[in-house]
Amino acid sequence: MKRLLTIITAGFLCQVSCIQNAWPGETEDDPVRNGIRLSQLSSHPVRSIAYWRQGDQFKVQKTRIGPAPPELIEFMRLDNTFQGYSERPVPAPRDSEFLRDVETAMASLPRAVRRIAERRLFYIALVRDLGGGTGYMDVVAGSDGSAAGGFIILDEGALDRNANAWASWREGSAFQPGADWSIEVRIEAPANDNRVNAIRYILLHEIGHVVDAVIGATQIGGGNTQNIAGNGFYDLSWTYPPPSQEIVVPGDTLRSRFDSAWPDRELLAFYSFNESRYDVADIQPVYQWLRGTNFPTLYAATSSADDFAESFVNYVHVVLDKRPFEIRLRQGGQSEFLLSSCWESPRCADKKATMKRLLLRAEVLQ
Ligand SMILES: [Zn+2]
């Protein structure tokens, strides 16, 4: 969740640091960091559909969930070096409670999402010592260079919370910590508040990125960006860059339709904790602003790609699965409402209709 893999970052960070689009064969710029060239990552075999279709090494695992294969470990270590992370990931054990929890989480997804995953999610690789967060996904290119799907990597050691504790931890990470307050996010009823459902929510977010890559809902898909203007999602919340433009002017940033009411949106950074530009005094005003937007969560307001991933997970979680979503601020013995699901509210009506339409799009299921 925290780290965006390099190739995604290439499309993604383009919005903030203007690395050129690094889709294989389209690289105009090939930066080197810590001795690793970006092209070593962008052209790595694990980013090609041929790798995931070869032999039986992945097909034998019916669920396509298991320890990271050697090529993926090599890829992650290269990526860690490129990103400046010191961790050296290793495969998670083949037979573990974590593996069973991930399998349980995947099996519990609604049928519509499992159908997408069967066709577009090539593998869920389990590792230890990932570095940079709990997990991420990367795009896998088809033979024509467009996004065929993706793979997800999860760090066993970083996923040790139950669902509500994990969601609360993530939400609070956007504000400087304080001893006298906490943000409480409820995504599960008490009987379902377990690690499987934390993993489930994280997987849905990452599958949202896979769907985005395939249909080109935002800029994440690289080769698919020509579709952005036509699919109707991007324009609901974002004004800059224009949908047809892949590369942002250096130093420029994404702009949402709601930035005039909160010009500091771009300072919002999850997992920043002590480095956050926001503290407890900002919490109420920030969520008041959020309730006037069509972002279903605060995380969705950080970028167009995470807007899609968060809209996907929250739509599936609340609308399809009928699970709870509510955020409260607890301070000085008081509990104050901050946010609830937006899907029955007029503020998200257009986004709800768009999510429903996009989930039914044939490209995702072919
Ligand atoms: Zn994300």
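Since this is a predicted model, take the numbers as computed values, not measurements.

Observations concerning the overall build of the protein
Tallying secondary structure elements over the protein gives 14 helices and twelve strands in all. Here the protein holds 366 residues, and 46% of them are scored as buried. In the protein, 70% of the contacts between residues at least 6 apart in sequence involve partners at least 24 apart.

Notes on the packing of helix α6 (residues 111-120) against helix α8 (residues 195-215)
Interaxial distance between α6 and α8 falls to 11 Å at its minimum, and their mutual angle equals 65 degrees. The interaxial crossing formed by α6 with α8 has left-handed handedness. Facing α6, whose interface residues are Val-113, Ile-116, Ala-117 and Arg-120, α8 presents Ile-207, Val-210, Val-211 and Val-214. Residue composition of the contact of α6 with α8, grouped by class: seven nonpolar, no polar and one charged.

Quick word on the nonpolar core
For soluble globular proteins, nonpolar side chains are generally found buried alongside one another. Judged by nonpolar contacts, the single largest core of 84 residues is most densely connected at Val-102, Ala-125, Ile-153, Ile-207 and Phe-312. It is α8 that provides the largest number of residues to this core, a total of twelve residues. Those residues in contact with Ile-207, other than ones at most four positions away along the chain, are Val-113, Ile-116, Ala-117 and Leu-121.

Notes on helix α5 (residues 97-107)
Residues of α5 that are buried include every one of Leu-99, Asp-101, Val-102, Ala-105 and Met-106, and no others. The arc that holds every buried residue of α5, seen down its axis, measures 160 degrees, which confines them to one face. Looking at α5, the residues exposed on the side facing more than 90 degrees away from the buried face are Glu-97, Arg-100 and Ala-107. In this structure, the buried side of α5 is in contact with β3 (65-67), β5 (121-128), β7 (147-155) and α8.

Regarding the sheet that holds strand β11 (residues 326-331)
The sheet built from three strands is open, its strands ordered β8-β11-β12 with antiparallel pairing. The open sheet is flanked by β8 (181-186) and β12 (334-340), the only strands paired with a single partner. Averaged over all pairs of adjacent strands, the angle between their axes in this sheet comes to 25 degrees, without regard to strand direction. Bridging between β11 and β12 involves six bridges; their strand directions are antiparallel. Across the sheet, Arg-330 pairs through a bridge with Ser-335, a residue of β12. Its contacts with the sheet place helix α7 (residues 163-172) against β8 and β11, and it is angled at close to 130 degrees to β8.

Thoughts on the packing of α8 against helix α12 (residues 304-320)
The geometry of α8 relative to α12 is characterised by a closest axis approach of 8 Å and an angle of 125 degrees between their N-to-C directions. Our classification of the angle between α8 and α12 gives oblique. Classified by chirality, the crossing of α12 by α8 is right-handed. Of the residues in α12, those in contact with Tyr-201, Leu-204, His-205, Gly-208, His-209, Val-211 and Asp-212 of α8 are Ala-305, Phe-308, Ala-309, Glu-310, Phe-312, Val-313, Val-316 and His-317.

Regarding the environment of Gln-284
Structurally, the position occupied by Gln-284 is in helix α11 (residues 280-290). The sequence separation of Gln-284 and Leu-329 amounts to 45 residues, and the corresponding C-alpha distance is 8.4 Å.

A word on the confidence of the model for the protein
Taken over all residues, the pLDDT of the protein has a mean of 85, while the share at 70 or more is 82%. Here helix α1 (residues 6-12) stands out as the element of the protein with the lowest mean pLDDT, 37, in contrast to β8, whose mean of 98 is the highest. Low pLDDT, under 50, characterises residues 1-27; the predicted model gives this stretch 80 contacts beyond four residues in sequence or across chains. Throughout residues 222-226 the model reports pLDDT below 50, and contacts reaching past four residues in sequence, or to other chains, amount to 16 contacts.

Brief notes about the pairing of β11
Within a regular strand, side chains alternate between the sheet's two faces. Relative to β11, β8 is paired through six bridges, and the arrangement is antiparallel. Bridged to Glu-184 within β11 is Arg-328. Hairpin connection between β11 and β12: a loop of two residues separates the two successive antiparallel strands, and Gly-332 in this loop has a positive phi of roughly 55 degrees.

Definitions and cut-offs
Residues numbered from 1 in each chain as written. Predicted model: local features only at pLDDT ≥ 70, side-chain atom pairs only at ≥ 80, totals over all residues. Helix = DSSP H or I, 4+ residues; strand = E, 2+ residues; numbered from the N terminus. Buried ≥ 20, exposed ≤ 12 C-beta atoms within 10 Å, placed from the backbone. Contact = placed C-beta atoms within 7 Å. Axes fitted to C-alpha atoms, helices over the stretch in contact; angles between N-to-C directions. Left-handed = near helix turned anticlockwise from the far one by under 90°. Nonpolar A, V, L, I, M, F, W, Y, C, P; charged D, E, K, R; others polar. Core = buried A, V, L, I, M, F, W, Y, C linked by C-beta atoms within 7 Å. Arc of directions from axis to C-beta. Pairing = 2+ DSSP bridges. Parallel < 35°, antiparallel > 145°, perpendicular 65-115°, else oblique. pLDDT = per-residue confidence, 0-100.

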